[in-house]
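Residue-level structural notes
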Amino acid sequence: MEKFIIRGGKPLRGEVAIGGAKNAVVAILPAALLANDKCVIRNIPCISDVAMDIDIIRDIGGAVRLIDRHTLEIDPSGLRDVEVPYELARSMRASYYFLGVLLTKFRHALVSHPGGCNFGDRPMDQHIKCFNALGATCELVKGAYDMSAERLLGTQIYFDKVTVGATINAMLSSVCAEGLTILENAAREPHVVDLANFLNTMGAHIIGAGTDVIKIRGVPQSSLCGVDYTIIPDQIEAGTYMVAAAATRGDVTVTGVIPKHLESITMKLRDVGAKVIEDNEHESVRVIGSDKPYRSTSCITLPHPGFPTDMQPQFTALLTMASGVSMLSEGVFDTRFRYVDELRRLGANIKVDGKTAIITGVERLTSAPTRALDLRAGAALMIAGLCAEGVTEIEEIHHIERGYEDMEVKLRGLGADIKKINRPDKVAAANVV
Ligand code: EPZ
């Protein structure tokens, strides 16, 4: 089993290039199948969720050609199947986007209930609500959604909860519907905007993405043409390295970013006492750690532009070493604190009360064997391990590799003592240089 071995205590220093946004690319790759010709997609991160998407696209008849490590050509001309293989679909969350794409493309889709990070209740009711509102029937057959529609008719949809996935699926399934579809209480994340921009580049008519009201005027499928498109930078990968820089009291510049997407993270890092310098002209943000203990703070995760839920575990890791008591509330998911027990192994003093973690800062963390329970939980352990005294091991790193490209390589480039090994013995741990 592969694991990371980290010898903590070294401040991160230098520059790190940020890759394309995971949560944008997992929507845009399926969406490329709606084009009537090939699409070239650039700035694609090398992560396992992308590999999963490629497998699904190929399995249903699409062709995917690797132009280089971060550029793919998608050819939808061979698309023939409406059924996504059950095991592939259940291995990730974003397989749900094939529901919207195949419904638009073939008026029929058969995709299993999605998998993905396991933190609390993650229903699909808002997705189904959209599909039904547009005129599709949806039946759950042996764990898979079997959907079909004679016609897809534009309509008005009000989301009961702000949901990224359902907002994106609503755009994917209404882009060629007859007439106007209006989405209200829509998600405003940068990756929602990136998908809308991608579809509009293909020839769709979507306005309002990035606000809570999105209007989609349906266009004929034949008018969606193949395009050459570049994915936006990943705000969560960038935020993760920003928090790691502050936590290790280092000096790191994240490059190839959109500083505006990082504003809520920047503000919270400044809140606790880190220095953050935004450079819009050079598309970079520099984080300089404090040599004094960080101030405690309170924070609630909210849909964009609030503090991202996907940064909650990483920020908690930093707060475990702040002075005083911090409060961090999860405002998006019903529970996202399973990882806290793994941080406790490193000496963190955290009490979870419902949707709030009460974090009492400790002088220092100490190393221990740990395991990543999900993608961002793994990132939090990475940050804690970089700060802890001694050698920390992180198992189950496949979770981390779902959303972070070459994390150990990028961290080594910033001066971290980290190795990825696939030997289970203790000897390897002692060999960290
Ligand atoms: C997307 O998940 C992201 N995943 C998640 O990122 C991210 O945490 C989440 O959005 C919130 O930003 C992808 O984009 C692949 P939601 P998603 O629908 O779409 C409730 C990561 O770390 N809800 O925005 O599943 C839901 O339970 C991953 O990169 C319903 O009630 O999240 C939650 O409380 C983890 N009914 C809230 O809405 C529904 O039909 C937000 O969920 C759908 C969602």
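For the structure itself, look to the data block above.
Residues numbered from 1 in each chain as written. Predicted model: local features only at pLDDT ≥ 70, side-chain atom pairs only at ≥ 80, totals over all residues. Heavy atoms only, no water.

1. Here we look at helix H10 (residues 312–319)
Summarising burial for H10: eight of the eight residues are buried, a large majority. Every buried residue belonging to H10 is among Gln312, Pro313, Gln314, Phe315, Thr316, Ala317, Leu318 and Leu319, and all of these are buried. (Buried < 20%, exposed > 50% of the residue type's maximum accessible area, 1.4 Å probe, protein only. Helix = DSSP H or I, 4+ residues; strand = E, 2+ residues; numbered from the N terminus.)

2. Some words on the pattern of salt bridges
Here the structure, examined in full by the defined rule, presents 21 salt bridges. With a closest N to O distance of 3.0 Å, lysine 129 and aspartate 160 form a salt bridge. Here lysine 129, found in helix H5 (residues 125–133), pairs with aspartate 160, found in the loop between strand E9 (156–158) and helix H6 (164–174); they are 31 residues apart in sequence, far enough to count as distant. Accessibility expressed as a relative area gives 29% for lysine 129, which makes it partly exposed. Accessibility expressed as a relative area gives 51% for aspartate 160, which makes it exposed. (Salt bridge = Lys/Arg side-chain N within 4 Å of Asp/Glu carboxyl O.)

3. Quick look at the pairing of strand E18 (residues 325–329)
By the bridge criterion, three bridges tie strand E17 (residues 298–300) to E18 in an arrangement that is parallel. Among the inter-strand pairings, isoleucine 300 is bridged to a residue of E18, identified as serine 329. This β-α-β element, E17 to H10 to E18, shows right-handed connectivity. The pairing of E18 with strand E20 (residues 356–360) spans five bridges and is antiparallel. (Pairing = 2+ DSSP bridges. Right-handed = clockwise from strand over helix to strand, strands pointing away.)

4. Here we look at empty space enclosed by the protein
Summed over all chains, the structure comprises three cavities of 30 Å³ or more. Estimates place the volume of the largest cavity at around 70 Å³. Lining the largest cavity we find Ala21, Lys22, Asn23, Pro190, His191, Ile232, Pro233, Asp234, Gln235, Ile236, His261 and Arg376. Elements represented by at least two residues in the lining of the largest cavity include exactly helix H1 (22–31), helix H7 (190–202) and helix H8 (235–247). In terms of residue class, the lining of the largest cavity is built from five nonpolar, four polar and three charged. Around the second largest cavity, the lining residues are Gly19, Gly20, Pro45, Ile47, Asp234, Glu237, Gly403, Tyr404, Glu405 and Lys410. Taken together, the residues of the lining of the second largest cavity sort by class into three nonpolar, three polar and four charged. (1 Å grid on protein atoms, 1.4 Å probe; cavity = no way out; pocket = protein on both sides within 12 Å on 5 of 7 lines; lining within 4 Å. Points joined across faces, edges and corners; volume = space filled by probe spheres on them. Nonpolar A, V, L, I, M, F, W, Y, C, P; charged D, E, K, R; others polar.)

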